[in-house]
Amino acid sequence: VQLQASGGGLVQLGGSLRLSCAASGRIRSINTMGWYRQAPGKQRELVASITSGGSTNYADSVKGRSTISRDYAKNTVYLQMDSLKPEDTAVYYCNADVVYTFTSTLYWGQGTQVTVSS
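These notes cover the structure that comes with them. (Residues numbered from 1 in each chain as written. Predicted model: local features only at pLDDT ≥ 70, side-chain atom pairs only at ≥ 80, totals over all residues. Heavy atoms only, no water.)

### A word on the overall build of the protein chain
Counting its secondary structure elements, the protein chain contains zero helices and 11 strands. Each helix and strand of the protein chain, placed in order from N terminus to C terminus, yields the pattern β-β-β-β-β-β-β-β-β-β-β. Computed over its C-alpha atoms, the radius of gyration of the protein chain comes to 14 Å, within 12% of the 13 Å expected for a compact globule of 118 residues. The contacts of the protein chain with a sequence gap of at least 6 include a subset with a gap of at least 24, amounting to 54%. Of the charged side chains in the protein chain, 11 are positive and 7 negative; the average position of the first set lies 6 Å away from that of the second. (Helix = DSSP H or I, 4+ residues; strand = E, 2+ residues; numbered from the N terminus. Rg over C-alpha atoms; globule rule 2.2 N^0.38 Å. Contact = heavy atoms within 4.5 Å. Lys, Arg positive; Asp, Glu negative; His and termini not counted. Charge placed at Lys NZ, Arg CZ, Asp CG, Glu CD.)

As structure tokens, then:
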């Protein structure tokens, strides 16, 4: 299974970005998909996640400014981020809890850089 993340880049304070992450390979179904981020010198932290049933969870730091969504047919998860702040600068990673046989395995994407300039 591979997760291909895209959509990062350089954006000005207050701008928006939409991240995408597509899962491909041996997939029967996907449970939770999520986005994490890691800023320099900091631990990786959850940004948002979405279950197979569509329930979402957001970090307090992005609540009200970000929306996570999924295209179940395409095995793709999106993260719309608005009103971006310099503290949102980080490498963003997606993950997916993939079911192929009778168990699930957590896979990670390669990361996409988001830089917010002031």
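### Notes on unusual backbone geometry
The backbone of Asn-75 sits at a positive phi, close to 50°, despite the residue not being glycine. Of note, Asn-75 is situated in the loop between β7 (66–71) and β8 (76–81). Assessed through its relative accessible area of 23%, Asn-75 is described here as partly exposed. We note that Ser-83 has phi near 50°; this positive angle belongs to a residue other than glycine. Along the chain, the position of Ser-83 falls in the loop between β8 and β9 (90–99). (Buried < 20%, exposed > 50% of the residue type's maximum accessible area, 1.4 Å probe, protein only.)

### Structural notes on the environment of Asn-95
With respect to the helices and strands, the residue Asn-95 is situated in strand β9. Sequence-wise, Asn-95 and Trp-108 are 13 residues apart; in three dimensions their C-alpha atoms are separated by 4.3 Å. Among residues more than four places away in sequence, those in contact with Asn-95 are Leu-3, Thr-32, Met-33, Gly-34, Tyr-36, Leu-106, Tyr-107 and Trp-108.

### Considering the sheet that holds β8
Reading across from one edge, β1-β3-β8-β7 is the order of the four strands in this open sheet, with antiparallel pairing throughout. This sheet does not close on itself; its edge strands, each paired only once, are β1 (2–6) and β7. Strand after strand, the sheet turns through a mean of 15° between neighbouring axes, direction not considered. Relative to β8, strand β3 (residues 17–24) runs antiparallel, the two sharing six bridges. In the strand pairing of β8, Arg-18 is matched with Gln-80. (Pairing = 2+ DSSP bridges. Axes fitted to C-alpha atoms, helices over the stretch in contact; angles between N-to-C directions.)

### Regarding the pattern of salt bridges
Under the criterion given, the structure shown has four salt bridges. The salt bridge involving Asp-88 is made with Arg-65; its shortest N-O contact spans 2.8 Å. Of the two residues, Asp-88 sits in the loop between β8 and β9 while Arg-65 sits in the loop between β6 (56–58) and β7, which places them 23 residues apart along the sequence. Each member of the pair, Asp-88 together with Arg-65, is buried. Residues joined in a network through salt bridges with shared partners are Arg-37, Glu-45, Arg-65 and Asp-88. (Salt bridge = Lys/Arg side-chain N within 4 Å of Asp/Glu carboxyl O.)

### Re the side chain of Thr-112
Inspection of the secondary structure puts Thr-112 in strand β11 (residues 112–117). At 3.2 Å, the side chain of Thr-112 forms a polar contact with the backbone nitrogen of Gly-8. Apart from residues lying up to four places away in sequence, Thr-112 is in contact with Ala-5, Ser-6, Gly-7, Gly-8, Leu-19, Ala-90, Val-91 and Tyr-92. (Polar contact = N/O pair within 3.5 Å; in protein donor to acceptor, adjacent residues only side chain to side chain.)

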